[in-house]
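These are the residues of each chain, in order.
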Amino acid sequence: MCPRGARLLAGHGGLLEPARLVCHCLLVEGADGMVLIDTGFGSGDVAERRRLGAAFNAIVRPVLRAQETAAARIRALGFQGGDVRHIVTTHLDLDHAGGLADFPEAEVHVMADELHAARHPSLRERERYVAAQWAHDPRWAEHRAGGGEQWFGFQGVRILPGSGAEILLIPLAGHTRGHTGVAVRRGEGWLLHCGDAYFHHGQVQTPPSCPPGLAAFQALTAVDNARRRENVERLRELAARHGEEIELVCSHDPATLEEHP
Ligand SMILES: [Zn+2]
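Reading the values: the criteria
Residues numbered from 1 in each chain as written. Predicted model: local features only at pLDDT ≥ 70, side-chain atom pairs only at ≥ 80, totals over all residues. Heavy atoms only, no water. Helix = DSSP H or I, 4+ residues; strand = E, 2+ residues; numbered from the N terminus. Buried < 20%, exposed > 50% of the residue type's maximum accessible area, 1.4 Å probe, protein only. Core = buried A, V, L, I, M, F, W, Y, C linked by side-chain atoms within 4.5 Å. Contact = heavy atoms within 4.5 Å. Pairing = 2+ DSSP bridges. Axes fitted to C-alpha atoms, helices over the stretch in contact; angles between N-to-C directions. Donors = N, O, S within 2.8 Å, 3.2 Å for Na, K, Ca; no water. Tetrahedral: all angles 85-135°; square planar, octahedral: opposite > 155°, others 65-115°.

Asker: Break down unusual backbone geometry for me, citing the residues and quoting the values.
Answerer: Between Thr206 and the following residue, Pro207, the backbone shows a cis peptide bond with an omega angle of 0°. Here Pro207 is to be found in the loop between strand S10 (189-193) and helix H6 (212-221). Even without a glycine there, the phi angle at Leu160 is positive, about 50°. Relative to the elements of secondary structure, Leu160 occurs in the loop between strand S7 (154-159) and strand S8 (167-171). Here Leu160 falls in the buried class, since its relative accessible area comes to 10%.

Asker: Hey, could you go over the nonpolar core for me, with residue numbers and the actual values?
Answerer: When a protein is soluble and globular, its nonpolar side chains tend to lie buried together. By size, the foremost hydrophobic cluster in this structure holds 20 residues, and its most contacted members are Val84, Ile87, Leu92, Leu100, Phe103 and Trp140. Mapped onto this core, the elements with two or more residues apiece are strand S2 (33-37), helix H4 (70-76), strand S3 (84-88), strand S4 (107-111) and helix H5 (112-119). Setting aside residues up to four positions removed in sequence, Val84 forms contacts with Leu27, Met34, Leu36, Ile74, Phe103 and Ala106. Listed in part, the 18 residues of the second largest apolar core include Phe154, Leu168, Leu235 and Leu248.

Asker: Summarise the sheet that holds S8; cite the residues concerned and give the values.
Answerer: Read from one edge of the open sheet, six strands run S6-S7-S8-S9-S10-S11, paired in mixed fashion. Of all strands in the sheet, those with a lone pairing partner are strand S6 (149-151) and strand S11 (246-249), marking the two edges. Direction aside, the axes of adjacent strands within the sheet are offset by 35° on average. Direction of pairing for S6 relative to S7: antiparallel, over a ladder of three bridges. In the strand pairing of S7, Glu149 is matched with Gly156.

Asker: Break down the coordination of the zinc ion for me, citing the residues and quoting the values.
Answerer: Taken together, Asp95 (OD), His96 (NE2), Asp196 (OD) and His252 (NE2) make up the protein donors of the zinc ion, found 2.0 to 2.3 Å from the metal. Classification of the site at the zinc ion rests on its four donor atoms, whose angles at the metal span 84 to 165°, yielding the label irregular. Mapping the donors of the zinc ion onto the primary sequence gives the spacing D-H-x99-D-x55-H. Linking Asp95 in the loop between S3 and S4 with Asp196 in the loop between S10 and H6, this pair joins segments that are 101 residues apart in sequence.

Asker: Explain the environment of Ser163 to me, and be specific about the residues and the numbers.
Answerer: The topology assignment puts Ser163 in the loop between S7 and S8. With relative accessibility at 4%, the residue Ser163 sits in the buried group. Measuring from C-alpha to C-alpha, the distance between Ser163 and Glu259 comes to 27 Å, with 96 residues separating the pair along the chain. Beyond its immediate sequence surroundings of up to four residues, Ser163 is in contact with Gly30, Ala31 and Asp32.

Encoded structure:
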């Protein structure tokens, strides 16, 4: 995504120069097939850019290349779309749910609050959810926060217990009503995909930092900004205390994607 305003959004470059934001998805190989975490934009968005909305296209300026969709990237790795048995969504914003229809057989894991928000958006939420992206009626698996297990001070919800992959949802509401992080066990440590809980790696460093335009954008788009800020602070503390064991990635920071290709 290439919104204008690199200096304010990325902290470098010209005022009107386009910034570069990515959609960082993860592919996890489990014992019984693959798990895709977030789907970015999909082939349906490439075919029909209009469905994303005129305002989104004009301001966010997504590039929408067929070869950059998750499905195309998975095929380039030598797998088939059908190998993806489960999809875990951090939330259902249009830049995260676009690829769902490229994997029509997959079970789609989502927080119940998020699915409810997407199906019954408030006036303010209407622009962010694109119902056409899940018009194929995926097999939803809804999960609820609370009653789960402790994970480094967070309440986690364990999913896919039979898959051999250790995956927990780590609810991080604020950006949207049912936004969640996704923790994946990797060797002795963990990888935590934080979705849109934060946008810039500096936000979870100590002391924290964020380009001003990106900070304003996050505040403006949050459904509950106090809760969002509280969760960024919790993630910063997590990174400070457990940075050796837990690696944090977020959806849109290009620097993080380059570090974790
Ligand atoms: Zn996003």
